[in-house]
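# Fold and contact review
The chain contents come next:
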Amino acid sequence: MMADEKQTEEKTAETPQVTETPEVAAAQAEANLENAGEKAEAQVNRGNRGGRGGGRGGRDNRGGGRGRGRGRDNRREDEGEELIEKLVHINRVSKTVKGGKRFGFAALVVVGDGKGRAGFGHGKAREVPEAINKATAAAKKAMVRVPLKDGRTLHHDGKGHFGAGKVVVRSAPPGTGIIAGGPMRAVFESLGVADVVTKSNGTANPFNMIRATFEALKDQTSPRSVAQRRGKKVADLLGRGGMEKAEAEATADAVTE
């Protein structure tokens, strides 16, 4: 036993120590980096495949508070027609529970085709994209048609009232533009109105302002619809307003709706 141990110690002492060269160290470091990159890529792929954050946009989409994404203008082709989507307002609410706070979002969206049809919708969800999608779907279902004069302005003045919101809308000559602020501007831009003058009296709540604006737009009527309802000609109605016969007939021929 003693002889064997001595032989082992002599062999160990005779074994030369290998000195690591710079080339060997560089190759080893490169191999370690490749392994680390493969592990990181595998973790990212696993995170994208599973988990709530990868499938629904993650928790980062919920941050931003009030007004995030305000003024967004998207154009989508839905069933062969191009729709204009405008995000008017996002409201964030929180509910305090035992484990902390739960956040929710309410989105207000206006949708229109730019040719006299528009609608608004309201959606609530735990995530911002879901709330916007719900509001957009509701707006598409609630679209109404508003008759436009020459395809650019309203036929006559109107007033709308909802809750504490009161709005006044007036037709305008060419070149006036859209004189409206905040939520009301989104409505007229999606509706396709180029010249209009508006005034909002009362609350600045975007939800009430939008509802009051649509109440005013629902009361809009065109000379052609009034003539059909009364069984008369459009030129006769325009002549009663003090317009000459020839001018009334020319204007009546130009009325499309």
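Residues numbered from 1 in each chain as written. Predicted model: local features only at pLDDT ≥ 70, side-chain atom pairs only at ≥ 80, totals over all residues. Heavy atoms only, no water.

To keep things clear, this is the line we draw: UniProt positions are given in the numbering used here, feature names are shortened, and annotations may be inferred rather than shown by experiment.
Under an unreviewed UniProt entry, the name given to the protein chain is Small ribosomal subunit protein uS5, and the organism recorded is Sphingomicrobium lutaoense. The record held by UniProt for the protein chain lists under Sequence similarities (unreviewed entry) the comment "Belongs to the universal ribosomal protein uS5 family." Per UniProt, the protein chain has the following entry under Subunit (unreviewed entry): "Part of the 30S ribosomal subunit. Contacts proteins S4 and S8."

### As for the sheet that holds strand β6 (residues 158-162)
To keep things clear, this is the line we draw: When DSSP locates at least two bridges between a pair of strands, those strands are taken to pair. Helix and strand definitions follow DSSP, with helices as H or I runs of at least four residues and strands as E runs of at least two, each counted in order from the N terminus. Any two residues having at least one pair of non-hydrogen atoms within 4.5 Å are treated as being in contact. Working convention: axes come from line fits to C-alpha atoms, limited for helices to the stretch in contact. Angles between N-to-C directions cover 0 to 180 degrees.
Strand order across the open sheet formed by four strands is β6-β7-β9-β8, with mixed pairing between neighbours. The sheet is open, and its two edges are formed by β6 and β8 (178-179), each paired on a single side. Relative to strand β9 (residues 196-202), β8 runs parallel, the two being bridged by two bridges. Along β9, the bridge assignment pairs isoleucine 179 with valine 197. Relative to β9, helix α5 (residues 183-191) is tilted by about 150 degrees, and along the sheet it contacts β7 (165-171), β8 and β9. Across the sheet, helix α6 (residues 206-218) lies against β6, β7 and β9, angled at about 140 degrees from β6, the strand it touches most.

### Quick notes on the pairing of β7
Here β6 pairs with β7 via five bridges, running antiparallel. In the sheet register, glycine 158 faces β7, and the bridge partner there is valine 169. Two successive antiparallel strands, β6 and β7, enclose a turn made up of two residues, where glycine 163 displays a positive phi of approximately 60 degrees.

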